[in-house]
Amino acid sequence: MATVDVGLGGQLACYGIWLGLVFAIAEGLRSRQVDGELVRKVIHIGIGNIIILAWLFDIPRTVAVIVSAAFSLIALLSYRVKILQSLNGVDRQSYGTFFYAASIAILFAVFWHSGWHAYAAIGVLVMTWGDALAALIGRHWGRHRYTVAGMTKSWEGSLAMWLASAVAIAAVAAVHSYWGSGAWMPVWAIALGSSAIAAIATALEVFSWRGLDNITVPLASAALSFWLFRALN
């Protein structure tokens, strides 16, 4: 994908403005006593989509890793100190926020190289959209429940996870193949690969003990995409 050169200072300003808007919206919702899970998912989606800006601007790998790692440490600290309340406002035992930031740091460290950016983007966007919509739809519209290893999910939430993940993977793969630096892939390969990877990501999301899916889903999605799409090429 073609990148935009605005300089590191311009990049950081854009990221700061984006994150400021995300947290301002979240705080506005929280002040109006909107459901805490919805507030968390607004932040979850807002932060995750910053990967698109990072790809567009081609943020330096070292900067991306340091910032993501720093945020993961802040998230870990927030479990003991009352900060990031919008992220940790749901009354449950979960390290999901920490895993979320840590997985982004790992994805940047492993995949943020020339021609590989798409795989980091796939990992982040599957977690961003798939996991968020699975939780929201399952919470509000899930009527058909099932239990695996003591964890209760809904078929509606799992279907939302699969569909959102498949769309995210296919969109990134198409950009990577047709407008990016990747080798060309036929439409059937993108569709087949996206569906298969999304199915595995959905299966991993079922095992969300203490937010563990926030690291297993993105890392597996990125690794499988890297292997499968390169094989299909």
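The structure under discussion appears in the preceding block.
The text that follows walks through the structure, step by step, so that each part is easy to find. (Residues numbered from 1 in each chain as written. Predicted model: local features only at pLDDT ≥ 70, side-chain atom pairs only at ≥ 80, totals over all residues. Heavy atoms only, no water.)

**Details of the environment of G193**
Residue position: G193 is located in helix α8 (residues 187-206). As a C-alpha pair, G193 and S208 span 15 residues in sequence and 24 Å in three-dimensional space. Residues contacting G193, with those up to four places away along its chain left out, are L228 and F229. (Helix = DSSP H or I, 4+ residues; strand = E, 2+ residues; numbered from the N terminus. Contact = heavy atoms within 4.5 Å.)

**Topic: the packing of aromatic side chains**
This structure, assessed with the given rule, holds nine aromatic pairs. Each ring, one from Y146 and one from W155, has its centre 4.4 Å from the other, and the planes form 35°; the classification is tilted. Three or more aromatic residues link up through ring pairs in this structure, and these residues are F111, W116, Y119 and F226. (Phe/Tyr/Trp six-rings, centres within 6.5 Å; stacked < 30°, edge-to-face > 60°.)

**Considerations on the side chain of N49**
Considering the arrangement of structural elements, one finds N49 in the loop between α2 (36-48) and α3 (50-57). Residue class for N49 comes out buried when judged on its relative accessible area of 15%. Sequence-distant contacts of N49, that is, excluding residues within four places in its chain, are made with W18, L125, T128 and W129. (Buried < 20%, exposed > 50% of the residue type's maximum accessible area, 1.4 Å probe, protein only.)

**What about the pairing of strand β2 (residues 151-154)?**
With four bridges joining them, strand β1 (residues 145-148) and β2 adopt antiparallel strand pairing. Paired with T147 across the two strands is T152, which belongs to β2. From the end of β1 to the start of β2, which pair antiparallel, there are two residues, and A149 there has a positive phi angle of about 50°. (Pairing = 2+ DSSP bridges.)

**Regarding helix α9 (residues 213-232)**
The periodicity of an α-helix, 3.6 residues per turn, causes residues three or four places apart in sequence to face the same way. For α9, built from 20 residues, the straight-helix expectation of 28 Å at 1.5 Å per residue is met to within 8% by its first-to-last C-alpha distance of 27 Å. Taken as a whole, α9 has its buried residues at D213, N214, I215, V217, P218, A220, S221, A222, S225, L228 and F229. For α9, the secondary structure elements touched by its buried residues are α2, α5 (96-111), α6 (117-141), α7 (155-179) and α8. (Expected span 1.5 Å × (residues − 1).)

**Quick notes on the environment of Y95**
Examined against the element boundaries, Y95 turns out to sit in the loop between α4 (61-77) and α5. When the C-alpha atoms of Y95 and G36 are compared, they prove to be 16 Å apart, with 59 residues separating the residues in sequence. When near neighbours in sequence (up to four residues on either side) are disregarded, Y95 contacts Y79 and R210.

**Here we look at the pattern of salt bridges**
Applying the stated criterion across every chain, the model contains three salt bridges. Residue K41 is joined to D131 by a salt bridge in which the shortest nitrogen-to-oxygen separation is 3.4 Å. Highlighted residues: K41 in helix α2 and D131 in helix α6, separated in sequence by 90 residues. Judged by its relative accessible area of 6%, D131 is buried. (Salt bridge = Lys/Arg side-chain N within 4 Å of Asp/Glu carboxyl O.)

**Describing the nonpolar core**
Counting residues in hydrophobic clusters, the biggest one holds 44 residues, and the most contacted among them are F108 and W112. Elements supplying a minimum of two residues to this core: α1 (7-31), α2, α3, α5, α6, α7, α8 and α9. With ten residues, the single largest contributor to this core is α6. Those residues in contact with W112, other than ones at most four positions away along the chain, are I51, A54, W55, D58, I59, P60, R61, L107, H117 and A120. (Core = buried A, V, L, I, M, F, W, Y, C linked by side-chain atoms within 4.5 Å.)

**Quick notes on unusual backbone geometry**
Peptide bonds are trans in most cases, and residues, glycine excluded, mostly fall at negative phi. Phi is positive for D58, close to 55°, though the residue is something other than glycine. Along the chain, D58 turns up in the loop between α3 and α4. Under the relative-accessibility criterion, D58 is labelled partly exposed at 37%.

**A few points about the packing of α4 against α5**
Running from N to C, α4 and α5 cross one another at 165°; their axes reach a closest spacing of 8 Å. When the axis of α4 is compared with that of α5, the two are roughly antiparallel. Where α4 crosses over α5, the handedness of that crossing is left-handed. Facing α4, whose interface residues are R61, A64, V65, S68, A69, F71, S72, A75 and L76, α5 presents T97, F98, A101, A102, I104, A105, F108 and A109. Of the residues in the contact of α4 with α5, the class split is 13 nonpolar, three polar and one charged. (Axes fitted to C-alpha atoms, helices over the stretch in contact; angles between N-to-C directions. Parallel < 35°, antiparallel > 145°, perpendicular 65-115°, else oblique. Left-handed = near helix turned anticlockwise from the far one by under 90°. Nonpolar A, V, L, I, M, F, W, Y, C, P; charged D, E, K, R; others polar.)

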